[in-house]
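So you can see what is in the structure, the chains are spelled out below.
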Amino acid sequence: MDQGTRDEMLGRLAEAVGSVSVTHPTRVAVDGPPATGKTTLADELAVVLRKQGRDVIRATIDDFLFPRAQRYPRGEYSAEGCYFDTHNHDALNRVLLDPLGPGGDRRFQNAVYDRTADTALSPPVTTAPADAVLLFDGVFLMRPELTDRWDLRVFVSTALEKTVDRAVIRERRVSSRADVERRWRERYIPAQQLYFATVRPTDHVDVIVHNDDPQRPAWESRPH
């Protein structure tokens with residue numbers, strides 16, 4: 001395991017992206033529990049790659065949710081519902097991951113859902129260059145429906161208790177501490193525990209970033 005500055009970690013990840021040899025866009029998964037820093041890491045890595053001349057597509061699992069009316073058949077605080085009923089993996093594969101993969105036509109959409117408005121989206125279809133990089137962040141990305149769609153797999157790890165504190169800070173303008181803690185302890189953390197027990201995601205990834213201290217992260221490569 002290596003430890004260093006944030007820029008050093010991003011440089012290593014950029015090297016890992018550059019080492020992928022495929023004839024279609026490189027599809028990078030940035031997996032991990034909520035509030036571990038996945039989105040920030042993917043945004044920062046996008047800046048590094050663009051400075052290197054790569055065409056970067058940014059997308060997130062939050063834009064591939066089912067509508068709210070479909071997401072909670074087991075209840076708002078159900079961990080099983082969080083894992084099984086929340087994300088539209090068929091649409092994600094159909095409009096983004098498969099078009100950018102082997103044999104795809106590279107014509108993609110990077111969203112199907114507007115979480116703020118709780119409405120379906122159909123953004124314009126875009127054609128990606130063959131050497132583009134997709135940086136896709138989200139939860140549960142190593143699950144069986146998705147795991148073989150990635151060309152590089154990154155897992156952002158933070159102690160689950162620390163994610164609760166980060167979530168309270170992140171959502172303090174829209175939710176009370178009690179509400180955030182209930183959602184985390186009853187829904188999100190147990191859903192992650194279910195994911196770890198059934199999928200063992202860190203067994204499937206190429207790089208784990210330990211992000212407990214974002215300014216002094218540690219990282220390790222995981223040979224398969």
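Just so it is clear, the structure is predicted and the values come from calculations on it, not from any experiment. (Residues numbered from 1 in each chain as written. Predicted model: local features only at pLDDT ≥ 70, side-chain atom pairs only at ≥ 80, totals over all residues. Heavy atoms only, no water.)

**Student:** Talk me through the nonpolar core; I want residue IDs and the actual numbers.
**Tutor:** The biggest cluster of nonpolar side chains holds 42 residues, and the ones touching the most others in it are Leu96 and Phe136. Counting only elements with at least two residues in this core, the list comes to strand 3 (56–60), helix 4 (79–84), helix 5 (89–97), strand 8 (133–137), helix 6 (160–170) and helix 7 (177–199). In terms of residue count, helix 7 provides more of this core than any other element does, seven residues in total. Not counting residues up to four positions away in its chain, the partners in contact with Phe136 are Val28, Ala29, Val30, Arg58, Ala59, Thr60, Ile61, Phe64, Leu92, Leu96, Leu141 and Trp150. Ranked by size, the runner-up nonpolar core spans 22 residues in total, among them Leu10, Ala14, Val56 and Leu135. (Core = buried A, V, L, I, M, F, W, Y, C linked by side-chain atoms within 4.5 Å. Buried < 20%, exposed > 50% of the residue type's maximum accessible area, 1.4 Å probe, protein only. Helix = DSSP H or I, 4+ residues; strand = E, 2+ residues; numbered from the N terminus. Contact = heavy atoms within 4.5 Å.)

**Student:** Any chance you could break down the packing of aromatic side chains for me, citing the residues and the numbers?
**Tutor:** Summed over all chains, the structure comprises nine aromatic pairs. Taking 5.7 Å as the distance between ring centres and 90° as the angle between the ring planes, the aromatic pair formed by Phe155 and Phe196 counts as edge-to-face. One end of the pair, Phe155, is in strand 9 (residues 152–157); the other, Phe196, is in helix 7, with 41 residues separating them in the sequence. Classification of Phe155 by relative accessible area gives buried; the value is 2%. Put simply, the rings of Tyr83, Phe84, Phe140, Phe155, Tyr195 and Phe196 touch in pairs and so form one group of aromatic residues. Taking the ring centre of Tyr83 as reference, the NZ or CZ of Arg143 above it sits at 4.0 Å. (Phe/Tyr/Trp six-rings, centres within 6.5 Å; stacked < 30°, edge-to-face > 60°. Lys NZ or Arg CZ within 6 Å of the ring centre and 35° of its normal.)

**Student:** Any chance you could break down the side chain of His24 for me, citing the residues and the numbers?
**Tutor:** Note on placement: His24 falls in the loop between helix 1 (6–19) and strand 2 (26–31). With a relative accessible area of 9%, His24 lands in the buried category. For His24, the side chain forms a polar contact with the main-chain oxygen of Leu100, separated by 3.1 Å. When residues no more than four places from it in sequence are discounted, the contact partners of His24 are Leu100, Gly101, Pro102, Ala130 and Asp151. (Polar contact = N/O pair within 3.5 Å; in protein donor to acceptor, adjacent residues only side chain to side chain.)

**Student:** Explain unusual backbone geometry to me, using residue names and the numbers behind them.
**Tutor:** Non-glycine residue Ala35 carries a positive phi angle of around 65°. Considering the arrangement of structural elements, one finds Ala35 in the loop between strand 2 and helix 2 (38–51). In this structure, Asp118 is a non-glycine residue whose phi angle is positive, near 55°. For Asp118, the position within the fold is in the loop between strand 5 (113–114) and strand 6 (119–120). You can call Asp118 partly exposed: its relative accessible area is 34%.

**Student:** Which residues make up the sheet that holds strand 11 (residues 218–221), and what values do they have?
**Tutor:** Sheet architecture is open: seven strands sit in the order 1-11-10-9-2-8-3, paired in mixed fashion. A single partner strand is all that each edge strand has here, and the edge strands are strand 1 (2–3) and strand 3. The pairing of strand 2 with strand 8 spans five bridges and is parallel. By the bridge assignment for strand 8, Thr26 is matched with Val133. (Pairing = 2+ DSSP bridges.)

**Student:** Quick one: what's the story with the packing of helix 6 against helix 7, residue by residue and with numbers?
**Tutor:** The interhelical angle for the contact between helix 6 and helix 7, taken along N-to-C directions, is 140°, at an axis separation of 9 Å. Seen from above, helix 6 lies across helix 7 with right-handed handedness. Residues Leu160, Glu161, Thr163, Val164, Asp165, Ala167, Val168 and Arg170 of helix 6 touch helix 7, and the partners they reach there are Arg177, Val180, Glu181, Trp184, Arg185 and Ile189. Residue composition of the contact of helix 6 with helix 7, by class: seven nonpolar, one polar and six charged. (Axes fitted to C-alpha atoms, helices over the stretch in contact; angles between N-to-C directions. Left-handed = near helix turned anticlockwise from the far one by under 90°. Nonpolar A, V, L, I, M, F, W, Y, C, P; charged D, E, K, R; others polar.)

**Student:** Run through the layout of surface pockets, naming residues and quoting values.
**Tutor:** Empty space among the atoms can be located by rolling a probe the size of a water molecule over them. Looking at the largest pocket, its volume works out to about 990 Å³. In this structure, the largest pocket is lined by 39 residues; those nearest its centre are Asp62, Arg115, Arg170, Glu171 and Tyr188. Those elements that provide at least two residues to the lining of the largest pocket are helix 2, helix 3 (68–71), helix 6 and helix 7. Considering each element in turn, the lining of the largest pocket owes the most residues, five residues, to helix 7. Its residues assigned to classes, the lining of the largest pocket comprises 12 nonpolar, 12 polar and 15 charged. Here the second largest pocket defines a volume of roughly 170 Å³. (1 Å grid on protein atoms, 1.4 Å probe; cavity = no way out; pocket = protein on both sides within 12 Å on 5 of 7 lines; lining within 4 Å. Points joined across faces, edges and corners; volume = space filled by probe spheres on them.)

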